[in-house]
Amino acid sequence: MHVKQMQEKLSHYLDVVEVRIAEQVASKSQAFFHAMTSHDVLMEQLTQTITVLKALRKNIHQVDKHLVKNSLEILRLERARSNRLIVQEKLKLMATVHQSQPMIQLLLSTPDYVAALDLISTTQEILLQELNGIHSFRHLSSQLTEMEKLVDKMLSTEFQRYATADLNRPLGGENTVLDGDKLVSIISGLLRQKYFQFVDTYKEEAVTTVRALTKQRVIEALAASDCCSDQQAAALEVGGLSLTERLSLLHNTIQSFTFLLLRVKAVHDVMKDTADLSAGRLCDGSFDESVPDRLLTREEHSRVITKLCDMITSVCDYCHERMGNLLSAGASEKDKFHNDKDKIIADVSQNKLEDKDYHSWNDKNSWLSERATAAQVCQLANMVEEFTHTCEKLCGKQCTALRSAFKAQASKFVHRFHNERKTKLTLLLESERWKQADVPLEFQSLVTYVYEKKCFPLKISTCEDSMKNESVGNFIIVGDEKFAVVGTALMLIQMIHEYCRTGSELVALSGTIGRQLAELLRHYNSRCCQLVLGAGAMEVAGLKTITSTILVLAARSLKLVLWFMPFVKAHFQALTGQNPSRGLIGTCGISGGVALLDSVERDIRAHVREIEGKILIIVDNLLGGQISKWTARPPVPSKSFRNISSYLMKLHEAVSGILPTVEVQSLYRTVNSSFKEKLREQLVKMNIVNNGGPQHGVVTSELTFYLEALRKLKVLPNEELNDNWMSDIWTR
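Conventions adopted
- Residue indices follow the written sequence of each chain, beginning from 1 at its first position.
- In keeping with the model being predicted, local features are shown solely for residues with a pLDDT of at least 70 and side-chain atom pairs are shown and tallied solely at 80 or more, while totals for entire chains, interfaces and linings include all residues.
- Processing note: side-chain calculations cover all non-hydrogen atoms of the structure and skip hydrogens and water entirely.
- The way it works is that DSSP assigns letters per residue, a run of H or I at least four long becomes a helix, a run of E at least two long becomes a strand, and they are numbered from the N terminus.
- Partly exposed residues are those whose accessible area sits between 20% and 50% of the maximum for their type, while under 20% is buried and over 50% is exposed, using a 1.4 Å probe and protein chains only.
- Here the Shrake-Rupley method, with its probe set to 1.4 Å, supplies the accessible areas, and only the displayed protein chains count as covering residues.
- Between the rings of Phe, Tyr and Trp (Trp by its six-membered ring), a pair exists once the centres lie within 6.5 Å; its type follows the angle of the planes, with under 30 degrees stacked, over 60 edge-to-face, and the other angles tilted.
- Charge over a ring is defined by NZ of Lys or CZ of Arg lying within 6 Å of the ring centre and within 35 degrees of the ring normal.
- Working definition of a nonpolar core: buried Ala, Val, Leu, Ile, Met, Phe, Trp, Tyr and Cys residues. They are joined through side-chain atoms within 4.5 Å.
- Helix span is expected to be 1.5 Å times the residue number reduced by one.
- A fitted line through C-alpha atoms represents every axis, and for helices the fit uses only the stretch in contact; the resulting angles, taken between N-to-C directions, go from 0 to 180 degrees.
- For classification, angles of less than 35 degrees are called roughly parallel, those exceeding 145 degrees roughly antiparallel, those between 65 and 115 degrees roughly perpendicular, and all remaining angles oblique.
- Two helices crossing with the near one rotated counterclockwise from the far one by less than a right angle form a left-handed crossing, whereas a clockwise rotation gives a right-handed crossing.
- A contact between two residues is defined here by any heavy atoms of the two lying within 4.5 Å.
- Here the term charged refers only to Asp, Glu, Lys and Arg, the term nonpolar to Ala, Val, Leu, Ile, Met, Phe, Trp, Tyr, Cys and Pro, and the term polar to all other amino acids, Gly among them.
- We call two N or O atoms a polar contact when they sit within 3.5 Å, provided that within protein one can donate a hydrogen and the other can accept it, with sequence-adjacent residues counted only if both atoms are side-chain atoms.
- Put simply, a salt bridge is a Lys or Arg side-chain nitrogen that is within 4 Å of an Asp or Glu carboxyl oxygen.
- Surface patches are defined over residues having more than 30% relative accessible area and no salt bridge, joining like charges when they lie within 9 Å and nonpolar side chains (Val, Leu, Ile, Met, Phe, Trp, Tyr) when within 5 Å.
- The score called pLDDT rates the predictor's confidence residue by residue, from a low of 0 to a high of 100.

Caption draft 1: Layout of the overall build of the chain. Tallying secondary structure elements over the chain gives 25 helices and two strands in all. Looking at the chain as a whole, 43% of its 732 residues qualify as buried. Approximately 38900 Å² of the chain is accessible, and the part contributed by carbon and sulfur atoms is 55%.

Caption draft 2: Quick peek at the packing of aromatic side chains. One pass over the full model with this rule turns up 12 aromatic pairs. With a centroid separation of 5.9 Å and an interplanar angle of 85°, the aromatic rings of Phe641 and Phe675 are classed as edge-to-face. Remark: Phe675 occurs in helix α24 (residues 661–686) and Phe641 occurs in helix α23 (residues 639–655); sequence separation between them is 34 residues. Neither Phe641 nor Phe675 differs from the other in exposure class; each is buried. Through successive ring pairs, a cluster of aromatic residues spans Tyr451, Phe456, Trp563, Phe564 and Phe567. Geometry around Tyr451 places Lys454 over its ring, the cationic atom sitting 5.0 Å from the centre. A cation over an aromatic ring shows up here: Lys482 above the ring of Phe475, its NZ or CZ 5.5 Å from the ring centre.

Caption draft 3: Region of the structure containing the environment of Thr547. Position of Thr547 relative to the elements: it lies in the loop between α19 (537–540) and α20 (548–578). In this structure the C-alpha to C-alpha distance between Thr547 and Ile615, which are 68 residues apart in sequence, comes to 9.0 Å.

Caption draft 4: Inspection of the nonpolar core at higher detail. Within the largest apolar cluster, 167 residues are counted, with the highest numbers of intra-cluster contacts made by Trp434, Ile476 and Phe675. With 17 residues, α20 is the largest single contributor of residues to this core.

Caption draft 5: Examining helix α8 (residues 243–279) more closely. With 37 residues, α8 should cover 54 Å at 1.5 Å per step; its first-to-last C-alpha distance of 53 Å lies within 8% of that length. Burial within α8 is extensive, with 26 of its 37 residues counted as buried. Trailing α8 by a residue or two, Gly280 shows a phi angle of about 75°, which is positive.

Caption draft 6: Spotlight on the packing of helix α14 (residues 401–431) against helix α18 (residues 510–533). The N-to-C vectors of α14 and α18 enclose an angle of 15°; their axes lie 11 Å apart at closest approach. In terms of orientation, α14 lies roughly parallel with respect to α18. Two packed elements cross with a definite hand, and for α14 against α18 that hand is right-handed. For the pair α14 and α18, the contacting residues are Val414, His415, His418, Arg421, Lys422, Leu425, Thr426, Leu429 and Glu430 in the first and Thr512, Ile513, Gln516, Glu519, Leu520, His523, Tyr524, Arg527, Cys528 and Leu531 in the second. Partitioned by chemical class, the residues of the contact of α14 with α18 number eight nonpolar, six polar and five charged.

Caption draft 7: Representation of unusual backbone geometry in the model. The omega torsion of the bond from Pro634 to Pro635 falls at 5°, within 30 degrees of zero and hence cis. Position of Pro635 relative to the elements: it lies in the loop between α22 (587–629) and α23. That bond from Val636 to Pro637 is cis: its omega, -5°, falls within 30 degrees of zero. Within the secondary structure, Pro637 is located in the loop between α22 and α23. Residues other than glycine seldom take positive phi values, yet Trp434 does so here, at roughly 55°. Tracing the sequence through the fold places Trp434 in the loop between α14 and α15 (441–453).

Caption draft 8: Region of the structure containing the environment of Arg642. For Arg642, the position within the fold is in helix α23. You can call Arg642 partly exposed: its relative accessible area is 43%. For the pair Arg642 and Glu702, spaced 60 residues apart in sequence, the C-alpha to C-alpha distance is 9.3 Å. Among all residues touching Arg642, those that are not within four sequence positions of it are Pro637 and Phe705. Only 2.7 Å separates the side chain of Arg642 from the backbone oxygen of Pro637, close enough to count as a polar contact.

Caption draft 9: Looking closely at the packing of α24 against helix α25 (residues 694–713). Two numbers describe how α24 lies on α25: the axes approach to 13 Å, and their chain directions differ by 170°. Classified by the angle between their axes, α24 and α25 sit roughly antiparallel to one another. Residues Tyr668, Asn672, Phe675, Leu679 and Leu683 of α24 lie in contact with α25, whose contacting residues are Val699, Leu703, Tyr706, Leu710 and Leu713. In the contact of α24 with α25, the residues fall into nine nonpolar, one polar and no charged.

Caption draft 10: Structural view of the pattern of salt bridges. Within this structure, the stated rule accounts for 31 salt bridges. The residue Arg76 makes a salt bridge to Glu73 at a minimum N-O spacing of 2.2 Å. Of the two residues, Arg76 and Glu73 are both situated in helix α1 (residues 2–98); the distance of three residues between them amounts to about one turn of the helix. Across the salt bridge formed by Asp620 and Lys678, the nearest N and O atoms sit 3.4 Å from each other. Of the two residues, Asp620 is situated in helix α22 and Lys678 in helix α24; the sequence distance between them amounts to 58 residues. Because the salt bridges share partners, they merge into one network encompassing Glu481, Arg556, Lys559, Glu612 and Glu663.

Caption draft 11: Highlighting helix α17 (residues 487–505). Between its first and last C-alpha, α17 extends 27 Å over 19 residues, near the 27 Å set by a 1.5 Å rise per residue. Here α17 lies mainly inside the structure; 15 of its 19 residues are buried.

Caption draft 12: Quick peek at a nonpolar patch on the surface. Taken together, the side chains of Val63, Leu67, Val68, Leu72 and Leu75 make up a nonpolar region of the molecular surface, amounting to roughly 450 Å² of accessible area. One can find Leu72 in helix α1.

Caption draft 13: Inspection of the confidence of the model for the chain at higher detail. Scored by pLDDT, the chain has a mean of 80; 82% of the residues are at 70 or more. Here residues 331–364 scores under 50 on pLDDT; set against residues more than four positions off or in separate chains, the count is 75 contacts. A low-confidence stretch, residues 582–590 (pLDDT under 50), is modelled with 18 contacts involving residues beyond four sequence positions or located in other chains.

Caption draft 14: Quick look at the side chain of Ser557. With respect to the helices, strands and loops of the structure, Ser557 is situated in helix α20. For Ser557, a relative accessible area of 1% puts it in the buried group. The residues contacting Ser557, other than those within four sequence positions of it, are Ala484, Val485, Val486, Ala489 and Tyr524.

Shown next, in the form of structure tokens:
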């Protein structure tokens, strides 16, 4: 029943569709029939179009065959060729990169470290930019990185090995660089890698060599010594060496250090030149910016140069410290040749030596002051100065450690030197008889040399052979002037020369020596004053009295010392300018000796004036005593005037053979002026006037006798001794 209904329903739908189709056909029939009528026209047009298309395609095929296809083939072939060339270049580049490792090995064996490092860097850059992603090279970059690390290690190892070989080869001969090309290659590689610690490495190796060299020289000296016990030798105690052996040890060590420092300086110069070349630095100090592939920038170059300067300075300072310890080692002191290395290098690098050297070394036992002679100290001073000058020339900086050590030792020697001479001078003064001394030729030769050359001789002349045939004089002759002196003054002159000579040889201590000489001269002056003016010689030397002759001799001796004073001051003033310590302790401390010499000179001049005044006082008292007793009565000449004449004669006998004629005349003029003044006072007191009376006649006769006595002495010119010369006694 249901199916039947469905069939009926579908039949109904079919009928509806057919009706609708009929309706559509009916509505469109006109267009359909119009199309059918136009079909033939369309077919004709289509046939014509097909014909035209066939002709067009035929023409296109002809163009393609004859014009396009060959041109496109050329372009295709050119592109293929270009691609193959690119592939070829890549393959060549890959072949080159593939050969980079063997080439690096070859360059390292040359050795050309900079080229090897450049090749590694270039290969790494090619791998990153040109061959990135190549499967066969995927491990090459890491391998090159490892090779670069290996080269860095090789550079450090090779430099360490080179430094050890260079510094430990036998000393002496030419101080040339060992295998300079190899050193330049190593330094260039280190500079390229910015590994500037190689300078510190070389400095540490040099310090180690200095310490080992010092120990070796000490061992050699102890082994060759006959003075050291086995225990001292085992403990490296240099204090047991004899003086000659000690000086020989110092000389040998200084010589070895000098050779070593010259070798270090040669390597330093190679390092500096390599750094300059790596930075493009020119001879005039400017930088050539056009130089390609410079290894160092200006800042890096400055840093390297600073480290090099510090290296050579530190090594020089350390050598000076070792020499200072060696020079100052005492008899009971173990040698400090195995100090902690790090501490030493730290002290050297921080330049802590200047502040502590003098005080630390000054506390040690002084073997110089106990055993050395002046010649040996001067020999050591020359060694110290020569080595110091060499070091300062090498590093361009003042080196103070060895000078400080030597100064501490030499100061004690100079102190002993001064005490010995001061004691000797004191003993000579105590035993001086204050008589005119004979002058040996060697003293006259010294004075003549100073007079002619205006300076002191460097050596003490020994005239033993010539003195046998030469007569000994009674005076020291200075130009046209003669000096009669006592024996102590001669010894003082010799001592002055010894001080000046020692000051020249120990320039570093010239200020101290100058001050000590000033002290010695002050001691001589003050002691002379005590013995002569203070009459101390009557007690210590057993003299009965201090005569005018003694006073005049003392004054002439002091005047001879005064004649020497300008030359002494000039000598020590010149040494002040030469003193290498003037920059450390100041010029005032050094030139203090000259200032003290000025003070002593003033004291001596004052003392001479006191002695001359003492002579005048003695004569004045004698004349005054006789004139006060004179009564202006016959007989003429009276006893008083005869005594006055006797005094004048004795004074002449006392001074005429000692004082120069000019000073004798000056003395007698002063005495005569004093005589006239006292006589005038006596005449006023006695109320005697120039009236031609009996008393005036007595006075005239007495004065005539007085003038005749002066004429007989021949101390004053005759024109001064006329009768009118005494007329002013009547002036009131």
